[in-house]
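Listed below are the residues making up each chain.
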Amino acid sequence: VQLQAFGGGLVKVGGFLRLSCAAFGRALASYVMAWFRQAPGKEREFVAAITWNGENTNLADSVKGRFTISRDNNKNTVYLQMNSLQPEDTAVYYCAARLVRFTIGIDYIDYPYWGQGTLVTVSS
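Below is a short write-up of the structure. Sequence order as written defines residue numbering, which begins from 1 separately in each chain. Predicted model: local features are reported for residues with pLDDT of at least 70 only, side-chain atom pairs are reported and counted for 80 or more only, and whole-chain, interface and lining totals are derived from all residues. For side-chain calculations, the full set of non-hydrogen atoms in the structure is used, while hydrogens and water are omitted.

1. Quick look at the side chain of Arg 37
Piece 1. In this text, helices come from DSSP runs of H or I with a minimum length of four residues, and strands from runs of E with a minimum of two, each type numbered from the N-terminal end. As for its placement among the helices and strands, Arg 37 is situated in strand β4 (residues 32-38).
Piece 2. According to the relative accessible area criterion, Arg 37 is buried, its value standing at 5%.
Piece 3. Between N or O atoms, a polar contact is any pair within 3.5 Å; within protein, one atom must be a potential hydrogen donor and the other a potential acceptor, and residues adjacent in sequence are included only when both atoms are from side chains. Only 2.6 Å separates the side chain of Arg 37 from the side chain of Glu 45, close enough to count as a polar contact.
Piece 4. At a separation of 2.9 Å, a polar atom in the side chain of Arg 37 contacts the side chain of Asp 89.
Piece 5. The criterion used for residue contact is that any of the two residues' heavy atoms lie within 4.5 Å. Ignoring anything within four residues of it in the chain, the contact list for Arg 37 reads Glu 43, Arg 44, Glu 45, Val 47, Ser 62, Val 63, Phe 67, Glu 88, Asp 89, Ala 91, Val 92 and Tyr 93. Between buried and exposed lies partly exposed: a residue is buried under 20% and exposed over 50% of the maximum accessible area for its type, with that area taken using a 1.4 Å probe on protein chains only.

Written out as structure tokens, the structure is:
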């Protein structure tokens, strides 16, 4: 499967963005999907993940209450709704996939398929 993330941009503190990740080559319904992010000089970190049917999600503590992950398998797309953005949310955001339906992983090594990343910059 090939993944393409888009929707990043420059936003002010307290603003919002919605990232999208489109999948090509295989039906998204076969995969657990996740979002990770990597800030300059930092390691890639887990943000959110969702099971194949959307019934279970996992969010990093740093984004709980502000971010929401969802998916539309009919559109082969996963979304990350980001509200109340803060400067510390500035990073390149990556979508990732693993070929299981229910087991959510929070380590980047759990995911063999990656999109190219989209930059989110939050200005104060």
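Now, onward.
2. Side note on the pairing of strand β1 (residues 2-6)
Piece 1. The alternating pattern of β1 places Leu 3 and Ala 5 on a buried face, while none of Gln 2, Gln 4 and Phe 6, on the opposite face, is buried.
Piece 2. For two strands to pair, DSSP has to find at least two bridges joining them. Relative to strand β3 (residues 17-24), β1 runs antiparallel, the two being bridged by 5 bridges. Along β3, the bridge assignment pairs Gln 4 with Ala 22.

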